[in-house]
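# Architecture at a glance
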Amino acid sequence: MNRKLSFVLALLFLFTLDTLAQQELGDFNQERLQVNKVGMMVLGGWALANFGTNGVLLSNPSSNEQGHFYRMNIFWNVVNLGLAIPGLRHSLITDPSTLNLAETVGEYHQMGKVLLMNAGLDVAYITGGFLMKEMVKNREGKRDILRGYGRSLILQGGFLLAFDIILYSVLQSKSNQLTDILNHVQLSPNSVGLVWRF
């Protein structure tokens, strides 16, 4: 009788530990998806604000350069909105409790890599904007378009650089939480186990 009771208690204990680990993972995913949702709302809001503001200003630009600046801002934000909508959709429809540990780690690291890669591209956009403004010296006939597009690249690249760095930093602030979850998992060549330290 004692063996049966000990076995049942051991199973109950293991089930409780597994439930606690799943709860931690679900909480982590909920926070991670919330960060992503807010980020995509900011990016989408920036895009919509650019459409509205630059659309109104484009109807009566003060110069050709200004017209090119407004137009490029609108074009640029078609891409921003195209990225924000699927990202927001993913954050809204994903049930955080359905993601297993491998999916969680994969999504977390993938998002970090994407943000770092984007930050590098943002620096390239800003640099390209300054180069376009510099090219005016040798291409006076294209002065308005080069200056307008260059200013737009600097503005949009600057916003995206700040956005990517802030979003990356917020996600990285959650890394200790993920590390704690991973510390509960013990891997060996033949098995996977759950470790709970008190």
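This one's a predicted model, so the numbers in the text were calculated from it and none came from an experiment.

## A short note on the overall build of the chain
Of regular secondary structure, the chain possesses five helices and two strands. Burial status across the chain gives 33% buried among its 198 residues. Sequence-distant contacts in the chain: of pairs separated by 6 or more residues, those separated by 24 or more amount to 78%. Carbon together with sulfur atoms contributes 64% to the accessible area of the chain, which is approximately 12200 Å² in total.

## A closer look at the pattern of salt bridges
Tallied over the entire structure, the rule returns six salt bridges. A salt bridge links E134 to K137; the shortest N-O distance between them is 2.5 Å. On the accessibility criterion, E134 (41% relative accessible area) is partly exposed. Here E140 makes a salt bridge to R143, at a shortest N to O gap of 3.2 Å. A relative accessible area of 52% places E140 in the exposed class.

## Digging into the packing of aromatic side chains
Scanning all chains against the criterion turns up five aromatic pairs. An angle of 5° between the planes, with centres 4.0 Å apart, marks the rings of W46 and F159 as stacked. Linking W46 in helix α1 (residues 2–58) with F159 in helix α4 (residues 143–172), this pair joins segments that are 113 residues apart in sequence. When the ring centre of F69 is taken as origin, the NZ or CZ atom of R151, which lies over that ring, is 4.2 Å away.

## Some words on the nonpolar core
Core analysis: the largest hydrophobic core is formed by 20 residues, its most contacted members being L43, F163 and L167. Within the residue set of this core, elements represented by two or more residues are α1, α2 (64–93), α3 (101–135) and α4. Here this core gets eight residues from one element, more than from any other, and that element is α4. L43 has contacts with N80, L83, A84, F159, L160 and F163, leaving out every residue within four places of it along the chain.

## Overview of the environment of I85
Mapping I85 onto the fold places it in helix α2. Expressed as a C-alpha distance, the spacing of I85 and M40, which sit 45 residues apart in the sequence, is 7.3 Å.

## What about α3?
Here α3 spans 51 Å end to end across 35 residues, near enough to the 51 Å set by a 1.5 Å rise per residue. Those residues of α3 that sit buried are T104, Y108, G112, L115, A119, D122, I126, G129 and M132. With a side-chain oxygen lying 3.0 Å from the backbone nitrogen of A102, the N-terminal cap of α3 falls on N100.

Thresholds, definitions, all that
Residues numbered from 1 in each chain as written. Predicted model: local features only at pLDDT ≥ 70, side-chain atom pairs only at ≥ 80, totals over all residues. Heavy atoms only, no water. Helix = DSSP H or I, 4+ residues; strand = E, 2+ residues; numbered from the N terminus. Buried < 20%, exposed > 50% of the residue type's maximum accessible area, 1.4 Å probe, protein only. Contact = heavy atoms within 4.5 Å. Areas by Shrake-Rupley, 256 points an atom, 1.4 Å probe, with all protein chains shown as cover. Salt bridge = Lys/Arg side-chain N within 4 Å of Asp/Glu carboxyl O. Phe/Tyr/Trp six-rings, centres within 6.5 Å; stacked < 30°, edge-to-face > 60°. Lys NZ or Arg CZ within 6 Å of the ring centre and 35° of its normal. Core = buried A, V, L, I, M, F, W, Y, C linked by side-chain atoms within 4.5 Å. Expected span 1.5 Å × (residues − 1). Polar contact = N/O pair within 3.5 Å; in protein donor to acceptor, adjacent residues only side chain to side chain.

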